[in-house]
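The lines below spell out each chain.
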Amino acid sequence: MNKKAIILLILAIIILFLLLKLDLSINNIENIEKEELESRLRLAGDWLLNMQKNNGDMEYEYFPLKNEYSKERNIIRHTASIWGFGLLYQYTKDKKYSNALEKGINFILNSYYIEEDDFAYIKFNDETNIGSAGFLILAMLNSENPDKYKNEIEKLKNFIIKQQRSDGSFETYYLKEKNDSNYFPGEALLALINLYEYDKNEEYLEILDKALPYYKNYFIENPNVEMITWHSQAYS
């Protein structure tokens with residue numbers, strides 16, 4: 001047997017092993033108890049709590065082999081993590097997640113939140129976008145008392161709507177000329193549909209209806225994984 005045949009055989013064995021393992025994992029899902037799933041959810045939530053600093057800021061990455069935290073920051077993932085605390089609180093009603101959510105929201109408001117006329121945005125490293133505004137809205141909506149943030153939600157919502165073009169697309173960045181992101185429109189639209197579920201303002205449905213034809217055609221012509229997660233949630 002030549003070298004090429006040996007390599008192909010090894011690859012075939014590896015693929016077979018992975019397929020069998022995947023099949024076993026799928027079949028085993030039915031046997032997982034709700035308590036076990038909730039336990040894993042809380043473990044993930046507690047890990048996220050450990051990544052939050054006392055002032056509400058979040059560590060971005062941790063390297064266990066070096067026992068070091070990354071010096072990098074990503075404002076989108078930061079605000080999304082805070083929203084994660086809100087989802088954990090809504091599911092578990094555990095106050096520790098609500099407290100972490102409030103700390104995280106207050107840190108963002110005190111550090112990066114800027115109001116301008118009747119709208120507001122998150123500015124980080126001289127850049128602002130509709131995605132971070134959307135995630136902060138989602139975080140506030142999942143707090144114990146969303147009305148506490150009524151003014152901030154209103155202005156962040158106005159910012160997202162202001163960025164929509166006449167063709168339904170969004171100018172995803174503000175204050176800086178950059179190519180539009182494929183991620184941010186879906187994140188912003190998800191915030192608006194959650195706002196609709198909260199206060200039943202049909203203006204938000206009009207924004208989504210206006211955006212759908214554009215992004216549907218855009219995805220057909222430019223298929224990409226970035227749009228799938230957030231747009232699918234917004235329109236589901």
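Residues numbered from 1 in each chain as written. Predicted model: local features only at pLDDT ≥ 70, side-chain atom pairs only at ≥ 80, totals over all residues. Heavy atoms only, no water.

### Things to note about the pattern of salt bridges
Scanning the entire structure with this criterion turns up 13 salt bridges. Between K155 and E115 there is a salt bridge, with the nearest N and O atoms lying 3.1 Å from each other. Pair noted here: K155 is in helix 6 (residues 150-162) and E115 is in strand 3 (residues 113-116), with a separation of 40 residues, a long-range link. Of the residues examined, K155 reaches a relative accessible area of 16% and is grouped as buried. (Salt bridge = Lys/Arg side-chain N within 4 Å of Asp/Glu carboxyl O. Helix = DSSP H or I, 4+ residues; strand = E, 2+ residues; numbered from the N terminus. Buried < 20%, exposed > 50% of the residue type's maximum accessible area, 1.4 Å probe, protein only.)

### Quick look at the packing of helix 8 (residues 203-221) against helix 9 (residues 225-235)
Following both chains from N to C, one finds helix 8 and helix 9 inclined at 145°, their axes separated by 12 Å at the closest point. Handedness of the crossing formed by helix 8 with helix 9: left-handed. Along the contact surface, helix 8 presents L208, A211, L212, Y215, Y218 and F219, while helix 9 presents M227, I228, H231, A234 and Y235. Classifying every residue of the contact of helix 8 with helix 9 by side-chain character gives 10 nonpolar, one polar and no charged. (Axes fitted to C-alpha atoms, helices over the stretch in contact; angles between N-to-C directions. Left-handed = near helix turned anticlockwise from the far one by under 90°. Contact = heavy atoms within 4.5 Å. Nonpolar A, V, L, I, M, F, W, Y, C, P; charged D, E, K, R; others polar.)

### Things to note about the side chain of Q163
The residue Q163 is located in the loop between helix 6 and strand 6 (173-174) in this model. Given a relative accessible area of 3%, Q163 falls into the buried group. A polar side-chain atom of Q163 sits 3.2 Å from the main-chain carbonyl oxygen of Y173. Among all residues touching Q163, those that are not within four sequence positions of it are I130, S169, F170, E171, Y173 and Y174. (Polar contact = N/O pair within 3.5 Å; in protein donor to acceptor, adjacent residues only side chain to side chain.)

### Topic: unusual backbone geometry
Positive phi, close to 55°, is recorded for N67, a residue that is not glycine. Residue position: N67 is located in the loop between strand 1 (62-63) and strand 2 (68-69).

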